Amino acid sequence: MSDGQVEEQTVSLVDVLKEDEELEEEASAVLAGSDSDHCSYPQGYVKRQAVYACHTCTPGGGEAAGVCLACSYKCHEGHDLYELYTKRNFRCDCGNRKFSELQCKLSPKDDVNHLNKYSHNFFGFTARVLVLLCNLSLSDEMIQCVVCEDWLHGRHLGSEVPDCVELQEMICESCMTKNSFLWTYAAHLAGKHATPFSHVGVDLKQEAEADESNTKKEEKVSSGLPPSCKRSREEAGPNCKLKELQAIDQKRVQSGAVFWPSGWRSKLCSCNTCKERMAAAGVSFLSDESDTVLAYENKGKNSEQTARGNDPLMSALDNLNRVQQLEIIHGYNDMKTELKDFLQKFAAEGKVVTPEDIRQFFEQQQTRRRRVDAGNFFSP
């Protein structure tokens, strides 16, 4: 094996720790927003939480069911689980009538949750079967629609996937068609041919300021009007931004998925007519910016940072004197160096590091530590 090959396969401890930290942050974003110790069932239909489907308990061909984070740990340990990322307005099914041979250990339940929404994702369809049917590789990007919350292959969306897709929300073509009023917003807020987003924001802000100014003027005028006239003015409500955008008549092709830029939800009209329309279609959540997965992930990251700030280990270190703290730091640095050397040997030989190898490494560390402690104890 050449030096070039050895160097290419060598992974430094810094790289390992950095990758581990990134994975922890990613997991914290999804999981820290959910309770890992208590079943979420008593909370009812949770606004957003991590959800799993258990193939062991509810295999394909049966009824779809989802379980919360805590139940995935306590009731389904060792089972074949499908990670569904997050779902909105979902209530934990663990142990209800859909599970013929399992009782929830955390929160016994019987009735099914009729308001839960399920899809083929609950049977791992997208992750396994669809890959085979479409002759795709597992590396093909999967993107979640923010309306139906189904996971879809990027190449099946009927539109170009932007480079910064993680910063945008996607609504699939099926959901756009069901909620056709969204095409008007898409023509102005999303896509290459849309009105520049910053311009739309300025226009709507100016409209809002104008509306506020007109409202104040109308309040002065209406103060001297009879009550019946006041009521008719109030019922008319604010101007409908959706109608104003429709009047501009900006065209866009009404096909394919739509990717929406950050902050687009705040641009949706909030007049009574539009609120009623979205409520009837079951998409009222679109006007709620806290409904986004990004908001949920940020909540999880903040919770994790708070938890780390209350870490008992860090609190214990704070109570140590300077000498004791330095001893621990030196000990950690020594172990880091030895672990790096240990991993480099495997990289140089092209071997895979097994759990048994790691276990032996730490056993050797403990044995060496005992010898050092014993020598210090018997030294004069």
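The rules behind the values
Each chain carries its own residue numbering, running from 1 in the written order of its sequence. Predicted model: local features are reported for residues with pLDDT of at least 70 only, side-chain atom pairs are reported and counted for 80 or more only, and whole-chain, interface and lining totals are derived from all residues. Only hydrogens and water are set aside when side-chain values are computed; all heavy atoms of the structure are taken into account. Every helix listed is a DSSP run of H or I at least four residues long, and every strand listed is a run of E at least two residues long, numbered separately from the N terminus. Residue exposure (1.4 Å probe, protein chains only): buried if accessible area is under 20% of the type maximum, exposed if over 50%, otherwise partly exposed. Residue contacts are counted whenever heavy atoms from the two residues lie within 4.5 Å of one another. Residue exposure ignores everything except the shown protein chains as possible cover, and the areas themselves are Shrake-Rupley values with a 1.4 Å probe. By definition, a salt bridge exists where a carboxyl oxygen of Asp or Glu is found within 4 Å of a side-chain nitrogen of Lys or Arg. Nonpolar side chains (Val, Leu, Ile, Met, Phe, Trp, Tyr) within 5 Å and like charges within 9 Å form the patches, drawn only from residues with over 30% relative accessible area and no salt bridge. Nine residue types can take part in a nonpolar core, namely buried Ala, Val, Leu, Ile, Met, Phe, Trp, Tyr and Cys, and a core is a set of them joined through side-chain atoms within 4.5 Å. A pair of strands is considered paired only if DSSP assigns at least 2 bridges between the two. Counted as a polar contact is a pair of N or O atoms within 3.5 Å, where, for protein atoms, one must be capable of donating a hydrogen and the other of accepting one, and residues adjacent in sequence contribute only when both atoms are in side chains. All axes here are fitted lines through C-alpha atoms, helices being fitted over the stretch that makes contact, and every angle between N-to-C directions spans 0 to 180 degrees. Roughly parallel means an angle under 35 degrees; roughly antiparallel means over 145; roughly perpendicular covers 65 to 115; every other angle is labelled oblique. Definitions for this section: a left-handed crossing has its near helix turned counterclockwise from the far helix by less than a right angle. A right-handed crossing has that turn clockwise. Ten residues, namely Ala, Val, Leu, Ile, Met, Phe, Trp, Tyr, Cys and Pro, are considered nonpolar, four, namely Asp, Glu, Lys and Arg, are considered charged, and the remaining ones, Gly among them, are considered polar.

As annotated in an unreviewed UniProt entry, the protein carries the name Ubiquitin protein ligase E3 component n-recognin 7 and comes from Labrus bergylta.

Caption draft 1: Expanded view of the overall build of the protein. Scanning the protein for helices and strands turns up 14 helices and seven strands. The 380 residues of the protein split such that 34% are buried. Intrachain contacts of the protein at a sequence separation of at least 6 include 70% that bridge at least 24 residues. With the model as given, the accessible surface of the protein reaches about 23,900 Å², and the carbon-plus-sulfur share is 52%.

Caption draft 2: Molecular detail of the environment of Asp357. Checked against the element boundaries, Asp357 lands in helix H14 (residues 355-378). When its relative accessible area of 17% is taken as the criterion, Asp357 is described as buried. A sequence separation of 14 residues divides Asp357 from Leu343, and the C-alpha atoms of the two residues are 9.9 Å apart.

Caption draft 3: Geometry of the pattern of salt bridges. Evaluation of the coordinates by the stated rule reveals 10 salt bridges. Of the charged contacts, one joins Glu149 and Arg48 as a salt bridge, the two residues approaching to 3.2 Å between their closest N and O atoms. A residue pair is termed long-range when its members are at least 10 positions apart, and Glu149 in the loop between strand S4 (142-144) and strand S5 (151-153) and Arg48 in strand S1 (residues 46-54) qualify at 101 residues. Between Arg97 and Asp111 there is a salt bridge; the shortest N-O distance is 3.8 Å. Here Arg97, found in the loop between strand S3 (81-90) and helix H4 (125-134), pairs with Asp111, found in the loop between S3 and H4; they are 14 residues apart in sequence, far enough to count as distant. Here the residues in one salt-bridge network are Arg48, Arg88, Glu149, Glu169, Arg265 and Asp291, joined through shared partners.

Caption draft 4: Quick peek at unusual backbone geometry. Here Tyr85, not a glycine, exhibits a phi torsion of approximately 65 degrees, which is positive. Residue placement: Tyr85 occurs in strand S3. Positioned with a positive phi, Asn89 is a non-glycine residue whose angle comes to about 50 degrees. For Asn89, a relative accessible area of 40% gives the class partly exposed.

Caption draft 5: Seen up close, a nonpolar patch on the surface. A contiguous nonpolar surface patch, about 200 Å² in accessible area, is contributed by Val353, Ile358 and Phe362. Mapping Phe362 onto the fold places it in helix H14. Given a relative accessible area of 35%, Phe362 falls into the partly exposed group.

Caption draft 6: Seen up close, the nonpolar core. With 33 residues, the main nonpolar core has Val147, Met170, Ile171, Met176, Tyr185, Trp260 and Leu286 as its most contacted residues. Counting residues per element, the ones that place at least two in this core are strand S6 (169-171), helix H5 (173-178), helix H6 (182-189), helix H9 (241-248), strand S7 (258-260) and helix H10 (272-281). Apart from residues lying up to four places away in sequence, Ile171 is in contact with Cys145, Val146, Val147, Met176, Leu182, Ala257, Val258, Trp260 and Trp264. By size, the runner-up hydrophobic cluster in this structure holds 17 residues, among which are Tyr41, Ala70, Cys71 and Cys92.

Caption draft 7: View of the pairing of S1. The element S1 is extensively covered by neighbouring structure, given that eight of its nine residues are classed as buried. Where S1 and S3 come together, seven bridges link them in antiparallel fashion. By the bridge assignment, Cys54 is partnered in S3 with Leu81. As defined by bridge partners, S1 adjoins strand S2 (residues 67-68) across two bridges and the pair is classed as antiparallel. Within the sheet, the bridge partner assigned to Val51 lies in S2 and is Cys68.

Caption draft 8: Representation of the environment of Arg88 within the structure. Inspection of the secondary structure puts Arg88 in strand S3. By relative accessible area, Arg88 is classed as buried at 9%. For the pair Arg88 and Phe285, spaced 197 residues apart in the sequence, the C-alpha separation amounts to 9.4 Å. Within the structure, the side chain of Arg88 is placed 3.3 Å from the backbone oxygen of Val147, a separation counted as a polar contact.

Caption draft 9: Expanded view of the packing of H6 against H9. At a minimum axis distance of 10 Å, the contact between H6 and H9 shows a crossing angle of 65 degrees. Relative to H9, the element H6 lies roughly perpendicular. For the crossing formed where H6 meets H9, the hand is left-handed. Contact with H6, carried on its side by Thr184, Tyr185 and His188, involves Leu242, Leu245, Gln246 and Ile248 of H9 and no other residues of that element. Split into classes, the residues belonging to the contact of H6 with H9 amount to four nonpolar, three polar and no charged.

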